[in-house]
Structure formats: structure tokens, C-alpha cells
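# Examining the three-dimensional arrangement
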Amino acid sequence: MKSISLLSGIVLIALGFTSCKDEKQEQAQKTIDSYVAYVDSVKNVKADDLKADWKDVEAEYDRRAANAQVALADIKDNKTAIEKINTSKVKYEEFRNEMVTVLAPPAPSPKQQLRNALFGEGKIGDDMSFAWVNAKNIHSVYQQFVHTVENNKDSYSREDWDEIKLMYEALDSRKNTVEKEGLTSSDNRKIAGLKLKFAPMYTLNRMGAKSKETAEAKK
């Protein structure tokens, strides 16, 4: 009788162990399926609609992906599960690449690109504010402006030259204000030299660009 009881106990323990193991494997499969379903649900949303919440989407993806990898260890025959995870990884990476394009800031207009080159990235926007130019940096601002124009003069269109003149006049206007704020005589002389270099360069190349456009229009 004792042998039968002992055997029954062993069987019950084995069944309990098997049941526990099956539950663990079932839970692991649910975790992986949840990961796969999450990737599919993200891909079904338009990229533009996810822009505001993209950081949260990424964080949730990382969490589910990590859990899915851990769950693999609890699945006996996990070849199918591995294929599922890898397929979803590829899907998500493709979508992530699409999101990189959507999240990227729009390329600046040609006019803004020119302003960035003349003064520095984002220094002059649509407001045309030169408030950041002061007595200490105005000489270097003129230097960058004139040297940039000199280095690129052969590539500018007539419209570019018109924009350059507009920016030059605005900088000159700022100089009139800065002179009252303690512009040194040394910097003033250097700026005068840069202005002497710019004036004929502008006149000659602006005329050349206009003539080129006229000739191309006649073709």
C-alpha cells in the first residue's frame, strides 16, 4: 500500500511539474505573439500619425522585444518562434527607417541655405534679425559673408545675387547701430577693406549672372 501511495505521489508531482512547464511555455508563446502583434499594429498606423508619440512607441517596442527574447528560453521547440521574432524585427526596422524620413526636419529652402552659408546655420531666419551681431563679432561676420561670396561667386544665380545684396544691406544697417556700441577703429578699417572687395565683385558677377540667364532664355 505504501508503494502505491508513493508511486501516486510521484505521478502527481510529475503531472504538476508538466503542467507548470506547459503553463510556462504557453505564457512564453503569448509573450512572443504579443510582440509580433505589436509590430503589426504599429505598421498599420500611418507614419505621420505616430510622430508625436514615436519615443513611446520605440520604448514599448524595446520592452516587448526584450521580453520575447527571454521567452524563447521557455519554449522547447523554438524554431518557429525564432522565425516569428526575426520576421517582426525586419518589419519593424523597415518601418523605423520610414519614420526616420518622416521625423527628419524639412530641408531648408534655397534662400535659407544661402543665408546659412553667409552667416551660419540658422543665424538669419525669416525675421531678418541681426540682433546677434555686435561690436565684438561684426568683423568676423563680414569676413564670413565676403569670403563665402568670393568662394561661390561663379555658382550664384541672379536671384542669389539679389538675396546677397539684401543681406549685405541689412548687415550694413546693423553696422551703423554697432558703431555706437564701441566698434574699434581697427575692426572698422578691416570691415571697410572687406566692403571695398565686395562692391565690385557684386556688380560684376550680378551682371554676368543676368547676362547668362538672358542668353539661356533665348535658346
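Bear in mind that the values here come from a model prediction, so they are computed numbers and not experimental data.

Basis of the calculations
- All residue numbers here refer to positions counted from 1 along the written sequence of the relevant chain.
- Two thresholds apply to this predicted model, a pLDDT of at least 70 for residue-level local features and 80 or more for giving and counting side-chain atom pairs, whereas whole-chain, interface and lining totals are computed over all residues.
- As a rule here, side-chain values come from all non-hydrogen atoms in the structure, and water together with hydrogens is ignored.
- Orientation is described by lines fitted to C-alpha atoms, with helices fitted over the stretch in contact, and by angles between N-to-C directions that extend from 0 to 180 degrees.
- Labels follow the DSSP assignment, with helices taken as runs of H or I lasting at least four residues and strands as runs of E lasting at least two, numbered in each case from the N terminus.
- For classification purposes, an angle smaller than 35 degrees is called roughly parallel, one larger than 145 roughly antiparallel, one from 65 to 115 roughly perpendicular, and anything else oblique.
- If you view the pair so one helix is near and one far, a crossing is left-handed when the near helix is turned anticlockwise from the far one by less than a right angle, and right-handed when it is turned clockwise.
- The contact definition used throughout considers only heavy atoms, calling two residues in contact when any of these lie within 4.5 Å.
- Think of it as three bins: nonpolar holds Ala, Val, Leu, Ile, Met, Phe, Trp, Tyr, Cys and Pro, charged holds Asp, Glu, Lys and Arg, and polar takes everything else, Gly as well.
- Joining through side-chain atoms within 4.5 Å is the link that ties buried Ala, Val, Leu, Ile, Met, Phe, Trp, Tyr and Cys residues into a set, and such a set is a nonpolar core.
- Exposed residues in this analysis have more than 50% of their type's maximum accessible area, buried residues have under 20%, and partly exposed residues fall in between, with area computed by a 1.4 Å probe over protein chains only.
- Polar contacts, as counted here, are pairs of nitrogen or oxygen atoms within 3.5 Å of one another; within protein the pair requires one atom able to donate a hydrogen and one able to accept it, and residues that are adjacent in sequence qualify only if both atoms are side-chain atoms.
- Values of pLDDT, which run from 0 to 100, indicate the predictor's confidence residue by residue.

Turning our attention to the packing of helix α5 (residues 138-152) against helix α6 (residues 158-178). Their axes nearest at 11 Å, the elements α5 and α6 cross at an angle of 165°. Classified by the angle their axes make, α5 and α6 are roughly antiparallel. Here α5 runs over α6; the crossing is left-handed. Of the residues in α6, those in contact with Ile138, Val141, Tyr142, Phe145 and Val149 of α5 are Trp161, Ile164, Met167, Tyr168, Leu171, Asp172, Lys175 and Val178. Among the residues forming the contact of α5 with α6, the class breakdown is 11 nonpolar, no polar and 2 charged.

Our next topic: the nonpolar core. Within the largest apolar cluster, 28 residues are counted, with the highest numbers of intra-cluster contacts made by Leu118, Phe119, Phe130, Phe145, Val149, Ile164 and Phe198. At the level of secondary structure, the elements contributing two or more residues to this core comprise α4 (110-119), α5, α6 and α7 (185-218). No other element matches α6, which puts 7 residues into this core. Not counting chain neighbours up to four residues away, the residues in contact with phenylalanine 198 comprise Phe145, Val146, Val149, Ile164 and Tyr168. The next biggest cluster of nonpolar side chains, apart from the first, holds 22 residues, and it includes Tyr38, Leu72, Ala81 and Met99.

Tracing the backbone shows arginine 96 in helix α3 (residues 79-103). A distance of 2.9 Å separates a polar atom in the side chain of arginine 96 from a polar atom in the side chain of glutamate 58.

This brings us to the confidence of the model for the protein chain. Looking at the protein chain, the pLDDT average stands at 86 and 89% of residues meet or exceed 70. α5 holds the highest mean pLDDT among the elements of the protein chain, 97, whereas helix α1 (residues 2-43) holds the lowest, 67. Below a pLDDT of 50 lies the segment residues 1-18, which in the model reaches 0 contacts outside its immediate sequence neighbourhood of four places, other chains included.

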